[in-house]
Amino acid sequence: MGYSDKVRNVLQNELQGIEDAGIFKKERFIHSLQAADIEVEFPLGSSLKKVINMCSNNYLGLSSHQEVIKAAHDGLNHRGYGMSSVRFICGTQDIHRELENRVTEFLGTEDTILFPSCMDANTGVFEAFMTKEDVMISDRLVHASIIDGIRLSPALRDTFKHSNMKHLESKLQLHADRRLKVVITDGVFSMDGDTAKLDEMVALCEKYDAMLFVDDSHSSGFIGKTGRGTHEKYNVIGKIDIITTTFGKALGGASGGCVSGRKEIVEMCRQKARPYLFSNTMAPVVVSGVLKVFDLIRGNTERRDKLEENANFWRKGLSDAGFVLKDGDTPIVPVMLFNAKLAQDFSRDLYDEGIYAIGFFFPVVPKAQARIRTQISAGHEIHHLEKALKAFIKIGKKYNILGKTKKEIIAMYGR
Amino acid sequence: MEEYRKVILEYVIEEYLEDEDEELEYDSPLISGGIVDSFSMVSLKRFLETKYKINLPDDRATEETFDTVNSIVELVTEFVNKK
Ligand SMILES: Cc1ncc(COP(=O)(O)O)c(C=O)c1O
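Please read all numbers here as calculations on a predicted model, not as lab measurements.

Calculation notes
Residues numbered from 1 in each chain as written. Chains lettered and ligands numbered in written order. Predicted model: local features only at pLDDT ≥ 70, side-chain atom pairs only at ≥ 80, totals over all residues. Heavy atoms only, no water. Phe/Tyr/Trp six-rings, centres within 6.5 Å; stacked < 30°, edge-to-face > 60°. Lys NZ or Arg CZ within 6 Å of the ring centre and 35° of its normal. Contact = heavy atoms within 4.5 Å. Buried area = accessible area lost by both parts, 1.4 Å probe. Salt bridge = Lys/Arg side-chain N within 4 Å of Asp/Glu carboxyl O. Polar contact = N/O pair within 3.5 Å; in protein donor to acceptor, adjacent residues only side chain to side chain. Nonpolar A, V, L, I, M, F, W, Y, C, P; charged D, E, K, R; others polar. Buried < 20%, exposed > 50% of the residue type's maximum accessible area, 1.4 Å probe, protein only. Helix = DSSP H or I, 4+ residues; strand = E, 2+ residues; numbered from the N terminus. Pairing = 2+ DSSP bridges. Core = buried A, V, L, I, M, F, W, Y, C linked by side-chain atoms within 4.5 Å. Domains from an automatic or database assignment. Near = heavy atom within 4 Å. Areas by Shrake-Rupley, 256 points an atom, 1.4 Å probe, with all protein chains shown as cover. Arc of directions from axis to C-beta. Expected span 1.5 Å × (residues − 1). Axes fitted to C-alpha atoms, helices over the stretch in contact; angles between N-to-C directions. Parallel < 35°, antiparallel > 145°, perpendicular 65-115°, else oblique. Left-handed = near helix turned anticlockwise from the far one by under 90°.

Participant: Kindly report on the packing of aromatic side chains, identifying the contributing residues and their values.
Facilitator: Each aromatic ring pair is specified by the distance between its two centres and by the angle formed by the two planes. Summed over the entire model, instances satisfying the criterion amount to 14 aromatic pairs over all chains. Ring pairing ties together the aromatic residues Trp314, Phe323, Phe346, Phe392, Tyr399 and Tyr413 of chain A, which thus form one cluster. Stacked on the ring of Tyr351 of chain A, the Lys or Arg Lys49 of chain A has its end atom at 5.8 Å from the ring centre. Sitting above the plane of the Phe79 of chain B ring, Lys82 of chain B keeps its charged end 4.2 Å from the centroid.

See below:
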């Protein structure tokens, strides 16, 4: 054991540095099911507080849906609790393949492979089929898990300015000599709530013979007319070479993810992706729950329609009240505050008003771009949103930021 | 030197800044300041190599050296003089 006082001090100093910088994360314990109304213990040891949840990824409100819970129970009874194996040894049940086929059909791709999470899908996929002769060109705002995946691959890396198609094209020209080229983007950007211009990206990728990778974690189940994702919204179903997504958000919210797309790439993942080969299979109970989620949303757009209405109501309410928002038309609505401390104070005051929404700041978002990220759910009713809006306006008045521009807010509070 | 400084600063602004009202100085921290992410160093390196017809070895084109326009200029000058 080499955990001397010296070692302990090094780490304690590091932790103290995080606290001093005001970015120390503390968990809040939820004592209820995941839903629009939750009961929270925060700070630790305080009595439970009933708040409206405005920051979960429970977009379709299915995380605690009775039919999903029942399907999970049935799965538990018929397929057991665990498999005690990775997929390729003895961890693949009939329902794992059934779920892969369902995802393939839903996303309109060639084949699908499940991963323990979308983080695992993103960290495993590039290394599985790209070599030093290739290039990965990613949007500068892609999710952290993709960045890790890019780091693990030996291919050359480059980036393009967020959603800037001219810049992307110049990068495709710069790297034209590479064997394989893959352009990498989120479908819906999780911090900003805007969507990648997939129609233009598909056209560029066709022109320069590059593959297109889209992480649709914040889209699958509700973006597009029937909820298939950003590729449906932009009318490019069948043209995305690699889609990764999660079952940990709209699609039941438990866990699990996948790579879906060209069958050769999926097969390369089955042969070589390390999180697939070296981490346990998805639990049967979770697979059973996700299968029910697909039953519920296939051919039934009620939930995604309600989500869209809720999100429009919320966005318009905030905008009319005079908040600075990020442009977009998704259920992710960031309220821009620019200054990190202001974002934290704002979040704390909202909590006192019974509204649970978290502040985000550097390094999670770029410097001087601090914000409260709100996320709308089909589980919200209009009365939830009206109450939340009232609270936002009250706090907005307190800090005198309503109707103020970015420049004016920065002038008052700093970057 | 002055010429390099101007050209390189201009390139960095054009290539990396999103926001017109952001400002950048010769000694602004690029990588540690979150302006240039380490993945995008590739294009900066490629730009310098083609523009000045030099070859920057990986062990010199580090995140530390690429952290300010000033230190990039030093590196470029060194390799241009070696030619
Ligand atoms: C865009 C994006 N990709 C991937 C993930 C990771 O998904 P999972 O929770 O399944 O690992 C997330 C979740 O935070 C995400 O937002």
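Having seen the model, we can carry on.
Participant: Any details on the interface of chain B and chain A? Residues and values, ideally.
Facilitator: Accessible area lost upon the coming together of the parts serves often as the stated size of an interface. In this complex, chain B contributes 14 residues to the contact, which on the side of chain A involves 20 residues. Regarding the contact of chain B and chain A, the summed buried area is about 1400 Å², with carbon and sulfur atoms giving 46% of it. Looking only at chain B, the three residues that lose the most surface to chain A are Glu15, Phe39 and Arg46 of chain B, adding up to 44% of its buried area. At the junction of chain B and chain A, the tally comes to three salt bridges. Applying the counting rule to chain B against chain A returns nine residue pairs in polar contact (both at pLDDT 80 or more). A per-class count over the side of chain B that touches chain A returns four nonpolar, three polar and seven charged.

Participant: Could you give me a rundown of the pairing of strand E4 (residues 111-115) of chain A, with the residues and numbers involved?
Facilitator: Residue and element names in this part refer to chain A. Of all the five residues making up E4, five are buried; the element is thus mostly covered by neighbouring parts of the structure. Residues Asp111, Ile113 and Phe115 point to one face of E4 and Thr112 and Leu114 to the other, with burial holding for every one of them. Here E4 runs beside strand E10 (residues 257-261); their pairing, made up of five bridges, is antiparallel. Pairing of Phe115 across the sheet is with Gly257, part of E10.

Participant: Residue-level account of the environment of Tyr4 of chain B, with values.
Facilitator: All names here are of chain B. Assignment of secondary structure puts Tyr4 in helix H1 (residues 2-16). Since its relative accessible area comes to 17%, Tyr4 is described here as buried. In the structure, Tyr4 is positioned 72 residues away from Val76 in sequence and 8.3 Å away in space, judged by C-alpha atoms. Other than its neighbours up to four places away in sequence, Tyr4 contacts Tyr52, Val73, Val76, Thr77 and Val80.

Participant: Tell me about the nonpolar core, residues and numbers included.
Facilitator: Leu99, Phe247, Trp314, Phe346 and Phe392 of chain A are the most contacted members of the largest nonpolar core, which has 84 residues in total. If one sorts the elements of this core by residue count, helix H12 (residues 284-297) of chain A sits on top with eight residues. When residues of this core are sorted by domain, at least three fall in each of domain 1 (31-60 + 301-413) and domain 2 (66-297) of chain A. Ile8, Tyr11, Ile72 and Val73 of chain B belong to the second largest nonpolar core, which has 29 residues in total.

Participant: Describe the site of the ligand, listing the residues and the values that go with them.
Facilitator: All names here are of chain A. Not every one of the 14 residues close to the ligand is listed here, only the nearest: Cys118, Asp215, His218, Thr246 and Lys249. At 3.3 Å, a side-chain N or O of Ser217 approaches a nitrogen atom of the ligand. The fraction of the free accessible surface of the ligand (400 Å²) that becomes covered by protein chains is 80%. With three residues, the top contributor of residues to the shell around the ligand is helix H5 (residues 118-129). Grouping the amino acids of the shell around the ligand by side-chain chemistry returns two nonpolar, nine polar and three charged.

Participant: Quick one: what's the story with helix H10 (residues 263-272) of chain A, residue by residue and with numbers?
Facilitator: Among all positions of H10 of chain A, only Ile265, Val266, Cys269 and Arg270 of chain A are buried. Buried residues along H10 of chain A cover an arc of 145 degrees about the axis, so they all sit on one side.

Participant: Before we move on, could you go through the domain arrangement of chain A and cite the residues and values that matter?
Facilitator: Residues and elements named next belong to chain A. Partitioning chain A into structural domains gives domain 1 (31-60 + 301-413) and domain 2 (66-297). With centres defined by C-alpha atoms, the gap from domain 1 to domain 2 works out at 28 Å. The interface is formed by 23 residues belonging to domain 1 together with 21 residues belonging to domain 2. Summed over both partners, the interface of domain 1 with domain 2 buries about 1700 Å², with 59% contributed by carbon and sulfur atoms. Contact with domain 2 buries area across many residues of domain 1, yet Asn57, Leu60 and Arg304 alone supply 29% of it, more than any other trio. Taken together, the links from domain 1 to domain 2 amount to three salt bridges. Between Lys326 and Asp192 there is a salt bridge whose closest N-O contact spans 3.4 Å.

Participant: Hey, could you go over helix H13 (residues 302-321) of chain A for me, with residue numbers and the actual values?
Facilitator: A rise of 1.5 Å per residue sets the reference length of H13 of chain A, with its 20 residues, at 28 Å; its end C-alpha atoms lie 29 Å apart and thus fit the reference within 8%. For H13 of chain A, the secondary structure elements touched by its buried residues are strand E11 (332-338), strand E14 (370-375) and helix H15 (382-398) of chain A.

Participant: Give a detailed account of the packing of H1 of chain B against helix H3 (residues 69-82) of chain B, specifying residues and quantitative values.
Facilitator: All names here are of chain B. Running from N to C, H1 and H3 cross one another at 125 degrees; their axes reach a closest spacing of 10 Å. Taken together, the axis directions place H1 and H3 in an arrangement best described as oblique. As H1 packs across H3, the resulting crossing turns out to be right-handed. Between H1 and H3, the contacting residues are Tyr4, Arg5, Ile8 and Leu9 on the first element and Val69, Asn70, Ile72, Val73, Val76, Thr77 and Val80 on the second.

Participant: Go over the pattern of salt bridges, please, and point to the residues and values.
Facilitator: All names here are of chain A. Inspection of the entire model under this criterion finds 35 salt bridges over all chains. Two residues, Asp148 and Arg151, come together in a salt bridge whose shortest N-O distance is 3.4 Å. Pair noted here: Asp148 and Arg151 are both in helix H6 (residues 144-152), with a separation of three residues, about one helical turn. For Asp148, a relative accessible area of 29% puts it in the partly exposed group. Residue Asp295 is joined to Lys292 by a salt bridge in which the shortest nitrogen-to-oxygen separation is 3.8 Å. With Asp295 and Lys292 both in helix H12 and three residues apart, this pair spans about one turn of that helix. According to the relative accessible area criterion, Lys292 is partly exposed, its value standing at 22%. Each of the salt bridges in this network shares a partner with another, and the network as a whole consists of Arg87, Arg97, Glu100, Asp111 and Arg270.

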